[in-house]
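So the chains spell out like this:
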Amino acid sequence: MDMPFDAHGIREAVATRRLSATDICRGVLDRIAALDPALNAFRTIAADSALARAAEIDARHDRENLPLLGVPVALKDNLCTKGISTTASSRILEGYRPPYSATVVRRLEDAGAVIIGKTNCDEFAMGSSTENSAFGPTRNPWATDRTPGGSSGGSAAAVAARMVPLALGSDTGGSIRQPAALCGVVGYKPSYGRVSRYGLLAFASSLDQIGPLATSVRDATLVMSVIAGHDPCDSTSANVPVPDFQEALTDTTDLRGVRIGVPRHLFREGVDDEVMAAYDAAIEVTRERGADIVEVVLEHSPEAIPVYYVIATAEASANLARYDGVRYGFRAEASALGEMYDRSRGKGFGLEVKRRIILGTYVLSAGYYDAYYRKAQQVRTLIRRDYDRAFASVDVIAMPTSPTSAFALGERTEDPVQMYLSDVFTVGVNLAGLPAASVPCGLTRTRLPIGLQFTGRTMDDATVLRVAGAYERATTWSKEVPPQAKNEPSRTL
Amino acid sequence: MSDTFSRGDVERVARLARLELSAEEKDLFARQLAGILAYAEQIQRVPTEGVEPTSHAGDAAAMRDDVVCPSLPREESLASAPEADPRAGLFKVPRVLA
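Residues numbered from 1 in each chain as written. Chains lettered and ligands numbered in written order. Predicted model: local features only at pLDDT ≥ 70, side-chain atom pairs only at ≥ 80, totals over all residues.

(A) Examining the overall build of chain A more closely. Helices and strands together make up the secondary structure of chain A, namely 17 helices and eleven strands. Its C-alpha radius of gyration of 21 Å places chain A within 12% of the 23 Å reference for a compact globule of 493 residues. Referenced to the eigenvectors of the C-alpha coordinate spread, the extents of chain A come out at roughly 65 × 55 × 45 Å. Within chain A, the fraction of its 493 residues that count as buried is 63%. Long-range contacts, defined as pairs at least 24 residues apart, comprise 77% of the intrachain contacts of chain A with a sequence gap of at least 6. (Helix = DSSP H or I, 4+ residues; strand = E, 2+ residues; numbered from the N terminus. Rg over C-alpha atoms; globule rule 2.2 N^0.38 Å. Buried ≥ 20, exposed ≤ 12 C-beta atoms within 10 Å, placed from the backbone. Contact = placed C-beta atoms within 7 Å.)

(B) Broad picture of the overall build of chain B. A tally of helices and strands in chain B yields three helices and two strands. Listing the helices and strands of chain B from first to last along the sequence gives α-α-α-β-β. Its C-alpha atoms put chain B at 55 × 45 × 20 Å along the principal axes. When the 98 residues of chain B are sorted by exposure, 19% land in the buried category. Relative to all contacts within chain B whose residues are 6 or more apart in sequence, the contacts with residues 24 or more apart total 32%.

(C) Here's a closer look at the interface of chain B and chain A. Between chain B and chain A, the contact holds 48 residues from the first and 58 residues from the second. Tallying contributions element by element places helix 2 (residues 23-40) of chain B first for the side of chain B that touches chain A, with eight residues. Its residues assigned to classes, the side of chain B that touches chain A shows 30 nonpolar, eleven polar and seven charged. (Nonpolar A, V, L, I, M, F, W, Y, C, P; charged D, E, K, R; others polar.)

(D) Representation of the confidence of the model for chain B. Taken as a whole, chain B shows an average pLDDT of 89; of its residues, 93% reach a score of 70 or greater. Among the prediction metrics, the complex's ipTM stands at 0.94, with pTM recorded as 0.97. (pLDDT = per-residue confidence, 0-100.)

(E) Layout of helix 10 (residues 304-319) of chain A. Spanning 16 residues, helix 10 of chain A covers 22 Å between terminal C-alpha atoms, matching the ideal 22 Å at 1.5 Å per step. Most of helix 10 of chain A is tucked away, with 14 of its 16 residues classed as buried. (Expected span 1.5 Å × (residues − 1).)

(F) Representation of the sheet that holds strand 11 (residues 449-456) of chain A. Residues and elements named next belong to chain A. Reading across the sheet, the eleven strands line up as 1-3-2-4-6-5-10-11-9-7-8 and stay open at both edges, with mixed pairing between neighbours. Of all strands in the sheet, those bounded by a partner on one side alone are strand 1 (42-45) and strand 8 (292-295). On average, adjacent strands in this sheet sit at an angle of 30 degrees to one another, irrespective of strand direction. Judged from the five bridges that link them, strand 2 (residues 72-76) and strand 3 (residues 114-119) form a sheet pairing that is parallel. For A74, the partnering residue across the bridge sits in strand 3 and is G117. With respect to the sheet, helix 3 (residues 47-59) is in contact with strand 1 and strand 3, its orientation differing from that of strand 3 by roughly 160 degrees. (Pairing = 2+ DSSP bridges. Axes fitted to C-alpha atoms, helices over the stretch in contact; angles between N-to-C directions.)

(G) How the structure looks around the environment of A:G169. Residue and element names in this part refer to chain A. Summarising the element assignment, G169 is placed in strand 4 (residues 166-171). Under the C-beta neighbour-count criterion, G169 is labelled buried, with 33 such atoms within 10 Å. Sequence spacing of G169 and N78 is 91 residues, and the spatial spacing of their C-alpha atoms is 8.5 Å. G169 has contacts with K76, S152, S155, S175, I176, G187, G211 and L213, leaving out every residue within four places of it along the chain.

(H) Region of interest: helix 16 (residues 461-474) of chain A. Residue and element names in this part refer to chain A. Here helix 16 contains 14 residues, and its C-alpha end-to-end distance of 20 Å stays within 8% of the 20 Å for a straight helix at 1.5 Å per residue. Burial in helix 16 covers these residues: D461, A462, V464, L465, R466, V467, A468, G469, A470, Y471 and E472. Summarising the contacts, the buried residues of helix 16 are in contact with helix 7 (217-227), helix 8 (245-248), helix 9 (273-288), strand 9 (396-400), strand 10 (436-443) and strand 11.

(I) Representation of the packing of helix 1 (residues 7-16) of chain B against helix 2 of chain B in the model. Residues and elements named next belong to chain B. Where helix 1 contacts helix 2, the axes come no closer than 8 Å and their chain directions differ by 110 degrees. Taken together, helix 1 and helix 2 sit at an angle that is classed as roughly perpendicular. Residues R7, D9, V10 and E11 of helix 1 pack against K26, D27, F29 and A30 of helix 2. Residue classes in the contact of helix 1 with helix 2 are distributed as three nonpolar, no polar and five charged. (Parallel < 35°, antiparallel > 145°, perpendicular 65-115°, else oblique.)

(J) Summary view of the pairing of strand 9 of chain A. Residues and elements named next belong to chain A. Taking burial as the measure, the five residues of strand 9 include five buried ones, the bulk of the element. Residue alternation in strand 9 divides its side chains into two sets, V396, A398 and P400 and I397 and M399, and both sets are buried. Summarising the sheet, strand 7 (residues 259-262) and strand 9 pair through two bridges and their orientation is parallel. Residue pairing in the sheet places G261 in a bridge with I397 of strand 9.

(K) Looking closely at the pairing of strand 10 of chain A. All names here are of chain A. Of all the eight residues making up strand 10, seven are buried; the element is thus mostly covered by neighbouring parts of the structure. For strand 10 and strand 11, the ladder comprises seven bridges, and the chain directions are antiparallel. Among the inter-strand pairings, P440 is bridged to a residue of strand 11, identified as G451. Two successive antiparallel strands, strand 10 and strand 11, enclose a turn made up of five residues, where R447 displays a positive phi of approximately 60 degrees.

(L) Here's a closer look at unusual backbone geometry. Residue and element names in this part refer to chain A. In this structure, S151 follows G150 across a cis peptide bond, with omega equal to 10 degrees. In this structure, S151 sits in the loop between strand 3 and helix 5 (153-160). Phi at N40 is positive, roughly 55 degrees, even though this residue is not glycine. For N40, a count of 21 C-beta atoms within 10 Å corresponds to the buried category. In the Ramachandran plot, S89 falls in the positive-phi region, its phi being about 55 degrees despite a non-glycine side chain. If you trace the backbone, S89 turns up in the loop between strand 2 and helix 4 (103-110).

Shown next as structure tokens:
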């Protein structure tokens, strides 16, 4: 019997008992065993606990209302899972098994999901290529000599290769959307405060959000309906009603009455020709479906990258102070306490994390705070105001998700600034706290995916999902599957 | 502002961050951070007089009632530690003075 590869299909198959949750779980584990050695998308495969959980679901009688009944989900390795290794791809947390699960993990489990394992990422989510993992890079299923993007590269590759129908990632400056774009899947970064961060290993607390990666906007929306909502354990989670996101999706491709903003002044340089052509074609599709295309200006967006790297590293230097060899994780040999701190951190953290701790500590240090950190916070205000102004005349803003398609492994590791520029179209969204989706919008001549990003007003996640869903249905790009997903066995049970 | 970043700067900041770095890392970071800071200089060109800084994208963090809630049992918290004395309920660390 054919195994469905999307969350809706799996739920339907399990609900009607056409397949059991155990069948699905075994099928997924077989695919991971066959495909992952070439990709390294997974850090941990929790086969035993997943099969036990699937058996539990198969024995349940109150199954009808579980929105993720029997659906396997992979989690980025910076999300705490009780009893399952959680390292954020860092040596400093090697062997750590958290005593509690993140709120999003509990919500997924309450909805009937089966946690399959943990996915590789850049160490502490710091990077744009998943090459900063202490446990080796993940490879792009479309071309294994290329990166999947990052930092949620393992989650994106796992979904792209159809190893799992769903994964969660985290997005601080583009870490869900950019790998989704580079791997040809859907990635969604919710409005800041929409999803609880409790149990997410913090990188930059004013920017981090957890969100889904999926093979369709419909599946991503299903996950949002499960994980969104106020959580008393996260004081920054918004205590506002959650609209019915699934209700907001329509079955049509109709975009009449939707005003789409196009900030063409940002595309003058640094954007690949093929990415630009795919973007222009995508805008044309939305126009044909009735959208009004409106030119908008985001005046301070060119400064978004330096603002982001000052603010994110400053927050990271504070958040990562907790890894000191005392309460969890790695401890280096030392004869005195201070030496133990210095050495544990020096040996436990990788190069990019240390680089960012140094930069973040510097911009917060006496004499530099006003010139860098406070200045960056002021420009952040201007970036927010630009978006507010644009959203007075449009409902969503469309941009390429990434200025290039997937780059080669090793291509950008020597030059940090070059790597940081991968995020030029994504970081502004985090600085302003806005919701944004990346959906597939094309393939290059060498068949590498290209992503289209829709950004909306804060807390207007529903409009972003609706527009992204309508665009997706108007095209066939989401149905393209990488060669790595086709070659291997286990497509049927 | 500084368009150079010396090895001494790296050492000073590394002390603040409690981070042991190798000689190679110090040289590498001095070079790379000079480049990153030169790039970050472009924000200095933006006029920001009178602009309020944004520290957070959402609303100000909500206050909650000061009520004691259940938290992790002590033994579970100690279970992940490199070294602990579960009976005393304490984390163990090397002596403070060498």
